[in-house]
Amino acid sequence: MGFRCGIVGLPNVGKSTLFNALTASAAAATANYPFCTIEPNVGRVPVPDARLDLIAALAKSARIIPTQTEFVDIAGLVRGASKGEGLGNQFLAHIREVDAVLHLLRCFDGSDVRHVEGSVDPVRDAETIETELMLADLHSLERRRDGLIKRVRGNDAEAKAELKLADRALDHLRAGRPARRLLAEGVDAEALRRLALLTAKPQLYVCNVDEGSAATGNAFSEAVAALAAREGASAVVISAAIEAELAQLGPADRAAFLADLGLEEPGLDRVIRAGYGLLGLITFFTAGPKEARAWTIALGSTAPQAGGAIHTDFERGFIAAEVIAYDDYIACGGETGAKAAGKMRQEGRAYVVQDGDVILFRFNV
């Protein structure tokens, strides 16, 4: 599995259209009115990676299995969601379950699709959603703080550390700053994650533009890019309408369609690549006659940890990893050529896996 990403935003910004396109399905109903999505829809999307196809061709693999990313289409939030407006509490709970927040912003004009705020202003929309998430975090932490204080009175050392961090997070939230900014102050990411705060999650701004602006962006998306730069976040420009059309085309027609629009790749590719960067993820490969497969791991993972992504036995009984760098695998024409050229290395437990490594694990349990 790659990562679990929740698509959030105000009603009628194109969330369900994008979800349908990304998952090439019609699972999420699209309609020009708020709250047409009542339950979160979940779709798994193969992660596009041209390297996997090349590896499979050289390994003469019978099957190709890409890694996958999970998208969750979460119904539109509105002002007051943190207090239950617009079914907000239910939807805020769904955001807690994802690894990253894909914040879709409407960056196109058009009277045919009504904006819930009455006008198009993606920066205002982003601030509306962020405010609701911060308010929800405030309510959550204030309730949690009472329990922590009781534990601290009982000399619970772990509760003392958690209370100290909770108070720092409360200070940030009360000042209108999302909890994720604590990471820049040296706060431990795992400790912050345990607080289960919505605004601690990595966030990617996705600008939904009209078809004519898909290649270059527009004034709306430029304003979002400036916001992202101020927030230390990332922004990606896509057209949900184009993605919906692409989802209905075959591979050859897709390439021609993209070329006509001046695009080098689908928006899905850009979104997933940005998501991987946001979460610090990389891909390694396994390959043989039966199958070639891509696996997602965290940047900095050791060889045993990478093996654990395949099966716990690989990590528990790890002996060694036979590693070929991707460029060497391709240049040498596959595993046999890489071995002959001395490009296959045997690595131990301390080896840190690199993006694109082709690995054969040796283990014993």
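Residues numbered from 1 in each chain as written. Predicted model: local features only at pLDDT ≥ 70, side-chain atom pairs only at ≥ 80, totals over all residues. Heavy atoms only, no water.

## So, the overall build of the protein chain
Inclusion rule: Runs of E in the DSSP output that reach at least two residues are strands. Runs of H or I that reach at least four are helices, and both are numbered from the N terminus. With a 1.4 Å probe rolled over the protein chains alone, any residue whose accessible area is under 20% of its type maximum counts as buried; one over 50% counts as exposed, and the rest are partly exposed. Contacts are assigned to residue pairs that have any heavy atoms within 4.5 Å of one another. In short, Shrake-Rupley with a 1.4 Å probe defines the accessible areas, and a residue's cover is counted only from the protein chains shown.
Broken down by element type, the protein chain carries 14 helices and 12 strands. The 365 residues of the protein chain split such that 48% are buried. Considering only residue pairs separated by 6 or more positions, the protein chain has 68% of its internal contacts joining residues 24 or more positions apart. On the protein chain, roughly 16900 Å² of surface is accessible, and the fraction owed to carbon and sulfur atoms is 51%.

## Some thoughts on the side chain of Ser 213
Tracing the backbone through its elements, the reader meets Ser 213 in the loop between β6 (203-208) and α7 (219-231). Given a relative accessible area of 10%, Ser 213 falls into the buried group.

## Focus: unusual backbone geometry
With a phi angle near 60 degrees, Asn 155 is a residue other than glycine that sits in the positive phi range. Along the chain, Asn 155 falls in the loop between α4 (122-153) and α5 (157-174). With a relative accessible area of 61%, Asn 155 lands in the exposed category. Of note in the backbone geometry, Ala 196 takes a positive phi value of approximately 55 degrees without being a glycine. Note on Ala 196: relative accessible area 38%, which makes it partly exposed.

## Some words on the layout of surface pockets
Put simply, the rule reads: Residues are said to line a cavity or pocket when one of their atoms sits within 4 Å of a point; the points come from a 1 Å grid over protein atoms alone, cavities being sets where a 1.4 Å probe fits but cannot get out and pockets being open sets with protein on both sides within 12 Å along at least five of seven lines. Grid points are joined across faces, edges and corners, and a volume is the space filled by probe spheres set on the points. Following the grouping adopted for this structure description, the nonpolar residues are Ala, Val, Leu, Ile, Met, Phe, Trp, Tyr, Cys and Pro, the charged ones are Asp, Glu, Lys and Arg, and the polar ones are all others, Gly among them.
The space that makes up the largest pocket amounts to roughly 760 Å³. Residue lining of the largest pocket: 30 residues in total, with Pro 46, Val 47, Pro 48, Leu 268 and Asp 269 positioned closest to the centre. Those elements that provide at least two residues to the lining of the largest pocket are α1 (15-22), β2 (41-46), α2 (50-59), α8 (240-246), α10 (267-279) and β8 (281-287). The dominant element in the lining of the largest pocket, judged by the number of residues it contributes, is α10, at five residues. Grouping the amino acids of the lining of the largest pocket by side-chain chemistry returns 19 nonpolar, two polar and nine charged.

## Some details on the pattern of salt bridges
What counts is decided by this rule: What makes a salt bridge here is a side-chain nitrogen of Lys or Arg within 4 Å of a carboxyl oxygen of Asp or Glu, nothing more.
Counting across every chain of the model gives 22 salt bridges. Of the charged contacts in the structure, one is a salt bridge between Glu 291 and Arg 63, with a shortest N-O distance of 2.8 Å. Within this pair, whereas Glu 291 is found in strand β9 (residues 291-298), its partner Arg 63 is found in strand β3 (residues 63-65), the two being separated by 228 residues in sequence. Glu 185 serves as the salt-bridge partner of Arg 168, at 2.8 Å between the closest nitrogen and oxygen. With a gap of 17 residues between them, Arg 168 in helix α5 and Glu 185 in the loop between α5 and α6 (189-194) connect regions that are remote in the sequence. Look at Arg 168 and you get partly exposed, because its relative accessible area is 33%. Within this structure, Arg 4, Arg 44, Glu 70 and Glu 97 form a network of salt bridges that share partners.

## Examining a negative patch on the surface
The condition is simple: Patch membership requires over 30% relative accessible area and the absence of a salt bridge. Like charges are linked within 9 Å, and nonpolar side chains (Val, Leu, Ile, Met, Phe, Trp, Tyr) within 5 Å. In this tally, Lys and Arg are treated as positive and Asp and Glu as negative; His is ignored, and so are the chain termini. In plain terms, the charge of a residue is placed at NZ if it is Lys, CZ if Arg, CG if Asp and CD if Glu.
Among the surface-exposed residues, Asp 109, Asp 210, Glu 211 and Glu 245 lie close enough to one another that they form a single negatively charged patch. The residue Asp 210 is located in the loop between β6 and α7 in this model.

## Some thoughts on the side chain of Glu 322
Quick note on the threshold: For this analysis, a polar contact is any N or O atom pair within 3.5 Å, provided that within protein one partner can donate a hydrogen and the other can accept it, and provided that sequence-adjacent residues contribute only side-chain to side-chain pairs.
With respect to the helices and strands, the residue Glu 322 is situated in strand β10 (residues 318-324). In terms of polar contacts, Glu 322 uses its side chain to reach the side chain of Arg 362, at 3.3 Å. If we ignore the near neighbours within four places in the chain, the residues touching Glu 322 are Met 344, Arg 345, Gln 346, Val 358, Ile 359, Leu 360 and Arg 362.

## Brief notes about the nonpolar core
We apply this condition: Buried residues of nine kinds, namely Ala, Val, Leu, Ile, Met, Phe, Trp, Tyr and Cys, make up a nonpolar core once their side-chain atoms join them within 4.5 Å.
Of all hydrophobic cores here, the largest spans 35 residues; its most connected members are Phe 71, Ile 95 and Leu 102. Per element, the largest residue contribution to this core is five residues, and it comes from α10. Once you skip the residues sitting within four places of it in the chain, Phe 71 turns out to touch Cys 5, Ile 7, Phe 19, Leu 22, Asn 41, Val 42, Gly 43, Val 45, Leu 102, Leu 268, Val 271 and Ile 272. Among the nonpolar cores identified, the runner-up in size contains 19 residues, and Leu 138, Leu 165, Leu 170 and Ala 200 belong to it.

## Section: the packing of α4 against α5
As a reminder of what qualifies: Fitted lines through C-alpha atoms give the axes, limited to the stretch in contact for helices. The angle between two N-to-C directions lies from 0 to 180 degrees. An angle counts as roughly parallel when it lies under 35 degrees, as roughly antiparallel when it exceeds 145, as roughly perpendicular when it falls between 65 and 115, and as oblique in every other case. Crossings are sorted by hand: turned counterclockwise from the far helix by less than a right angle, the near helix makes the crossing left-handed, and turned clockwise it makes it right-handed.
Relative to each other, α4 and α5 sit at 150 degrees, their axes nearing to 9 Å. In terms of axis orientation, α4 runs roughly antiparallel to α5. Where α4 crosses over α5, the two elements pack in a sense that is left-handed. Listed contacts from α5 to Met 134, Asp 137, Leu 138, Leu 141, Glu 142, Arg 144, Arg 145, Leu 148, Ile 149, Arg 151 and Val 152 of α4 are Glu 158, Ala 159, Lys 160, Glu 162, Leu 163, Ala 166, Asp 167, Ala 169, Leu 170, Leu 173 and Arg 174.

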